[in-house]
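Tertiary structure, described
Below, each chain spelled out in residue letters.
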Amino acid sequence: MIERIWSGRSWLYLLLLPFSALYGLISGLRRLSYKIGLSKSWKAPVPVVVVGNLTAGGNGKTPVVIWLVEQLQRKGYRVGVVSRGYGGKAESYPLLVTENITTVQAGDEPVLIHRRTGSPVAVAPGRVDAVKALLASTPLDIIVTDDGLQHYALQRDFEIVVIDGVRRFGNGWWLPAGPMRELSGRLNTVNTIITNGGTPQSGELSMTLAGGLAVNMVSGEKRMVNLIPDVVAMAGIGHPPRFFATLQQLGANLQKQCAFADHQTYTEEQLSHLTDTNQNLLMTEKDAVKCFHFAQPNWWYLPVDAQLPQEKERAMLDEICSLLPSNKKPD
């Protein structure tokens, strides 16, 4: 229902317009207060790159964060990541993510990013607190924030917005009548716009999410998706149909598709009932990080990687690296 409302296919959004107008007024005043100095923001001693979005729901933001961290690491930079940690509940904040920290404590994305990149990750409702905790724990050259475009308490040196190229901005209204956290005019002030799927508009970088080999969650075996028999696909992400479409493109033998809410918490019993004896369960990597400790031999996950046009990718990375002192790699 919410998809129909936000896309403009249901007139029910009209009933929510007064609340959207209030949301827009409050968010606009909040941003203005930071802009004119009524609210104080903090400048980190190292460059900060924000990877965020204008809409609620999954846009492919976390794969971009992972891609950016890995690219900077290959250039020799020490990269830290901060996140709000949606879906997690720690006893105290800021929380530094280690191998012993679970998704229950930190949320899905921080654990996934740390697992994939090995980069130090800190979680806190206030990104400033997370950045300070990271800098106090290890030497860093640059900070990447997973989300936080609207978190103006933290000053930033470079802003990347990720757009769902198929859904784009729906009916264009603020929450809750539409999907917008900020209106599309905000794009005029960011450094880079990345479009995930669909047809990019002028000035936007096209991105695709490429699925590689599926990984067995117990044995670690890697296998092409189309060679896994009788697949039951599951996804608890912002937009599950994108994952199911990826599996279809890879030739998966799909028997059933199971969509869950974003940041869903799972139990062994719940997921075991999704498959019959001879079926295999295939999930997103974001779901897998919550399930490894009770995974079954017939459970698999599919890592995906962000792919951008090489020339434009290089230009964006050069611009980000120019923010670092003397534009030199650390020793």
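Residues numbered from 1 in each chain as written. Predicted model: local features only at pLDDT ≥ 70, side-chain atom pairs only at ≥ 80, totals over all residues. Heavy atoms only, no water.

Considerations on the overall build of the protein
- Broken down by element type, the protein carries ten helices and 15 strands.
- Taken against the 2.2 N^0.38 rule, which gives 20 Å for 331 residues, the C-alpha radius of gyration of the protein at 20 Å falls within 12% of a compact globule.
- By residue count, 51% of the 331 residues in the protein fall in the buried class.
- When contacts within the protein are restricted to residue pairs at least 6 apart in sequence, those whose partners lie at least 24 apart make up 73%.
- Surface accessibility of the protein: about 15,500 Å² in total, with carbon and sulfur atoms responsible for 53%. (Helix = DSSP H or I, 4+ residues; strand = E, 2+ residues; numbered from the N terminus. Rg over C-alpha atoms; globule rule 2.2 N^0.38 Å. Buried < 20%, exposed > 50% of the residue type's maximum accessible area, 1.4 Å probe, protein only. Contact = heavy atoms within 4.5 Å. Areas by Shrake-Rupley, 256 points an atom, 1.4 Å probe, with all protein chains shown as cover.)

Re the sheet that holds strand E9 (residues 214-216)
- In space, the six strands of this open sheet follow the order E10-E9-E14-E13-E11-E12, with mixed pairing throughout. Whereas interior strands pair on both sides, the edge strands pair on one side only; in this sheet they are strand E10 (222-223) and strand E12 (254-259).
- Of the strand pairs in this sheet, strand E13 (residues 280-284) and strand E14 (residues 299-302) are connected by four bridges, and their pairing is parallel. For Thr284, the partnering residue across the bridge sits in E14 and is Leu302.
- Helix H7 (residues 240-249) rests against strand E11 (231-235), E12, E13 and E14 of the sheet, and its axis sits at about 165° to E12. (Pairing = 2+ DSSP bridges. Axes fitted to C-alpha atoms, helices over the stretch in contact; angles between N-to-C directions.)

Overview of the UniProt feature "transmembrane region" (unreviewed entry) in the protein
- The UniProt record marks residues 12-29 with the feature "transmembrane region" (unreviewed entry), using the residue numbering of this structure.
- Helix and strand shares over residues 12-29 are 94% and 0% respectively, and the end C-alpha atoms of the span are 27 Å apart. (UniProt positions renumbered as here; feature names shortened; annotations may be inferred.)

With respect to helix H10 (residues 310-321)
- Counted at 1.5 Å a residue, the expected span for H10 with its twelve residues is 16 Å, and the 16 Å between its end C-alpha atoms agrees.
- For H10, the set of buried residues is Glu313, Met316, Leu317, Ile320 and Cys321. Around the axis of H10, the buried residues are gathered within 135° of arc, so they sit on the same side.
- Tucked into the core, H10 has its buried residues touching strand E1 (48-52), helix H3 (61-74), strand E5 (142-146), strand E6 (158-164) and strand E7 (192-196). (Expected span 1.5 Å × (residues − 1). Arc of directions from axis to C-beta.)

Description of the domain arrangement of the protein
- Taken domain by domain, the protein consists of domain 1 (1-208 + 308-328) and domain 2 (212-303).
- Domain 1 and domain 2 are separated by 26 Å when their C-alpha centres are compared.
- Counting each side, the surface lost to burial between domain 1 and domain 2 is near 1,200 Å², with a carbon and sulfur contribution of 52%.
- Considering only the surface of domain 1 that becomes buried against domain 2, Asp108, Leu112 and Arg115 emerge as the three largest contributors, covering 39% of it.
- Notably, a salt bridge pairs Arg242 with Asp164, separated by 2.5 Å at the nearest N-O pair. (Domains from an automatic or database assignment. Buried area = accessible area lost by both parts, 1.4 Å probe. Salt bridge = Lys/Arg side-chain N within 4 Å of Asp/Glu carboxyl O.)

Focus: the side chain of Thr275
- Within the element layout of this structure, Thr275 appears in the loop between helix H8 (268-272) and E13.
- Given a relative accessible area of 13%, Thr275 falls into the buried group.

Looking at the pattern of salt bridges
- Under the counting rule described, the total for this entry stands at 16 salt bridges.
- Linking Arg116 and Asp305 is a salt bridge whose minimum nitrogen-to-oxygen distance equals 2.5 Å. Here Arg116, found in helix H5 (residues 108-117), pairs with Asp305, found in strand E15 (residues 304-307); they are 189 residues apart in sequence, far enough to count as distant.
- Judged by its relative accessible area of 35%, Asp305 falls in the partly exposed class.

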